[in-house]
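Per-entry structural report
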Amino acid sequence: MAKCYVMLCSMTHLFLIMGLLPSFAFGNHNYGEALSKSFLFYEAQRSGYLPHDQRVQWRGNSGLMDGKASGVDLVGGYYDAGDNVKFGLPMAFTVTMMSWSIIEYGRQMGESGELSNAMDAVKWGADYLLKAHPEPDVLYGEVGDGNTDHYCWQRPEDMTTSRAAYRIDPSRPGSDLAGETAAAMAAASIVFRKSNPAYAKELLTHAYQLFEFADKYRGKYDSSITVAQKYYRSVSGYADELLWAAAWLYKASNKQYYLNYLGENGDALGGTGWSMTEFGWDVKYAGVQTLAAKFLMQGNAGTHAPVFEKYQEKAENFMCACLGKGNQNIHKSPGGLIFRQRWNNMQFVTSASFLATVYSDYLASARKTLKCSSGSVLPSELLLFAKSQVDYLLGDNPRATSYMVGYGNNYPRQVHHRGSSIVSVKVDPTFVSCRGGYATWFSRKANDPNLLTGAIVGGPDAYDNFADQRDNYEQTEPATYNNAPLIGVLARLHGGQNEYSQLLPVAIPQPKPDAEQKLTPDPAFDIAIEQRETSSWVHKGKTYYRYSAIVTNKSAAKTLKNLKLSVSQLYGSLWGLTKYGDSYVFPAWCNSLLAGKNLEFVYIHSVNSPAVVSVSSYTLV
């Protein structure tokens, strides 16, 4: 494991803003190709039952008993890096950053045909986080442990290591873990607000609970889940995650409480005091400061404006440090790459590039410049900096090496990753033992049998040197949180500047105030969905299950129309509904349900548990 708004402007304003935008041409690299491949990496990292549309075919189902010994379903989620442990803190950060990438650059992802893959990647992680939060004050933060896992070299489909589940609760708090998970669910709720409002509401409800839990029962999660200390130690503590969660909850809910929290606790929790030179799964301050600066530029700070100006000052210190124009600058290699540490340095490259990219667009949208100690800097310089880091990552470096597996001609072939380094279970199902995997597969000097397409490895050292060797885990191990910020930057660079509107953050409508929200239709009151298993059989050694689902219009007098259902965790075929994008709608023979009437659909899949069926949207007339 490795460690807005839409602005309408006159032509005069448009020309003023265009002067703040970059004059360079995009296109030195195929950013669209790199973006597409990034999402394949997430499919390779999936744990649990793989869906029918899984594109990375060398992977199989794994971790199917996760959580069972603790009486909870923890099947699913992502393996964090090259091992088979599910660590909650980096997984939640990955979901937050993927969501932020979509929130800012979802339009560009849509234009490149990758938005549905991006949302699938977020949902795979968010579904697991929901499972990991079975009670308001209980959160499971790890499945498996690094010590036993690292003793073995096995593909996920074969693993015999411990799958113990570790949790936090009021007697064993973890404000950093709960805060980051709250941020992830809040950010993901924005992503699904339009396409799946019921799911978005569920995520936001869990985010509210987790923030309250994190704030009320304060403590570091690795003091409660001690097995995480060697791998994902919370060096920065939990103060940054409390502010980070509050910022995302404000963005997702528009509730004044969370803005007040940022304003009233910014000084005490360090958000207005720390000038940062890094941003990542452990240290969130630069991310908090960037979001707070956006709230200020949007005119939302209100009476807290003096505090938010201090947040912005610290955000700009980070940006200036990236450019080498601050009082405390980030170190760079001779080839120009940000260098923070030997172990998985690329995580800091992608996260800093993302913050620089969004801040460049925030400044351009607000018609402002960056204030550094050396003087004012145009927003275009921030975007040029991000582009330089991405271009280095993709091959413009002294070694002419792409640090994204599968991109370009010269990329790592011996990745420190169990699944990719061992022959696929579908090619050779012979069991790979714990220590046998080291002897047979880890020690091989040959290329990986499975291409881990899209993975961002740890990257070169401070002098641009890199050794493509499987045992060189500091440089050749990938991680989910390396890719998560990068997808936003790739989408932004691929979008280019054909239209000015592409340079603005994608605006997602804010929810209406609470008093109006109560008038919104609630599926829990209007629609009932009942499921039951009706039969099962065995075919070629595999058991299949038939489920019946009944959708009932519970309204006393109104007709149900425009119904859209979300069906997840379905591992087979469905009949009786029509597929419509990522949702299901009424079949051709039935376009509405009268009051009290119902509709049945059926599906067959290979899991002895029902699929998750929820209402995305509907109307009653």
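Keep in mind the model is a prediction, meaning the values are calculated, not measured. (Residues numbered from 1 in each chain as written. Predicted model: local features only at pLDDT ≥ 70, side-chain atom pairs only at ≥ 80, totals over all residues. Heavy atoms only, no water.)

**Brief notes about the overall build of the chain**
Condition: Strands are runs of DSSP state E lasting at least 2 residues, helices are runs of H or I lasting at least 4, and numbering of each runs from the N terminus. In this treatment the radius of gyration is a C-alpha quantity, and the globule benchmark scales as 2.2 Å times the residue count to the 0.38 power. Using a 1.4 Å probe on the protein chains alone, a residue whose accessible area is under 20% of its type maximum counts as buried, one over 50% counts as exposed, and one in between counts as partly exposed. Asp and Glu are treated as the negative residues and Lys and Arg as the positive ones, with His and the ends of the chain left uncounted. For this purpose, a charge sits on NZ of Lys, CZ of Arg, CG of Asp or CD of Glu.
A count of helical and extended segments in the chain gives 20 helices and 14 strands. What you see for the chain is a C-alpha radius of gyration of 24 Å, in line with the 25 Å of a compact globule of 621 residues. Viewed in the frame of its principal axes, the chain has a C-alpha envelope of about 70 × 65 × 50 Å. Taken over 621 residues, the chain has a buried fraction of 61%. The chain carries 57 positive and 56 negative side-chain charges, and their two centres are separated by 3 Å.

**Here's the deal with unusual backbone geometry**
In this structure, Asn254 takes a positive phi of about 65° despite not being glycine. With respect to the secondary-structure elements, Asn254 resides in the loop between helix 9 (239–253) and helix 10 (256–265). Of the residues examined, Asn254 reaches a relative accessible area of 37% and is grouped as partly exposed. Its identity as a non-glycine residue notwithstanding, Asp464 has a phi of 70°, on the positive side. Considering the arrangement of structural elements, one finds Asp464 in the loop between helix 16 (436–442) and helix 17 (473–476).

**Notes on the pairing of strand 7 (residues 542–553)**
Inclusion rule: Here, a strand pair is defined by DSSP locating no fewer than two bridges between the strands.
Two elements, strand 6 (residues 527–539) and strand 7, share twelve bridges in a ladder whose sense is antiparallel. Across the sheet, residue Ala528 finds its bridge partner in strand 7, namely Thr552. Taking the residues between adjacent antiparallel strands as the criterion, strand 6 and strand 7 are bridged by two residues, where Lys540 takes a positive phi near 55°. Sheet analysis places strand 7 next to strand 13 (residues 598–605), joined by eight bridges and oriented antiparallel. Its bridge partner being in strand 13, Ser548 is matched across the sheet by Val602.

**Topic: the packing of aromatic side chains**
For clarity, the cut-off: When the centres of two rings from Phe, Tyr and Trp lie within 6.5 Å, Trp using its six-membered ring, the rings pair. Their planes under 30 degrees apart give stacked, over 60 give edge-to-face, and anything left gives tilted. Whether a charge lies above a ring is judged from NZ of Lys or CZ of Arg, which has to be within 6 Å of the ring centre and within 35 degrees of the ring normal.
A complete count under the given rule lists 27 aromatic pairs for this structure. A ring pair is formed by Tyr403 and Phe466, whose centres lie 5.0 Å apart and whose planes are at 75°; its orientation type is edge-to-face. Taken together, the residues Tyr403 in the loop between helix 14 (379–393) and helix 15 (418–421) and Phe466 in the loop between helix 16 and helix 17 connect sequence positions 63 residues apart. Phe466 shares its class with Tyr403; the two are buried. Taken together through their ring pairs, the aromatic side chains of Phe93, Trp100, Trp244, Trp248, Phe279 and Phe354 make up a single cluster. Taking NZ or CZ as reference, Arg413 lies 3.8 Å from the ring centre of Tyr411, over its face.

**Overview of the UniProt feature "active site" (unreviewed entry) in the chain**
Filter applied, for reference: UniProt positions are given in the numbering used here, feature names are shortened, and annotations may be inferred rather than shown by experiment. Polar contact is defined as a pair of N or O atoms within 3.5 Å, subject to the rule that within protein one atom must be able to donate a hydrogen and the other to accept it, and that residues adjacent in sequence are counted only when both atoms are side-chain atoms.
Under the present numbering, the feature "active site" (unreviewed entry) in UniProt falls on His416, Asp468 and Glu477. Spanning 62 residues, the annotated positions come together in the fold, the maximum distance between their C-alpha atoms being 10.2 Å. Tracing the sequence through the fold places His416 in the loop between helix 14 and helix 15. Looking at His416, the relative accessible area reads 10%, which means it is buried. A polar contact is formed between the side chain of His416 and the backbone oxygen of Arg470, at a distance of 2.7 Å. Position of Glu477 relative to the elements: it lies in the loop between helix 17 and helix 18 (480–495).

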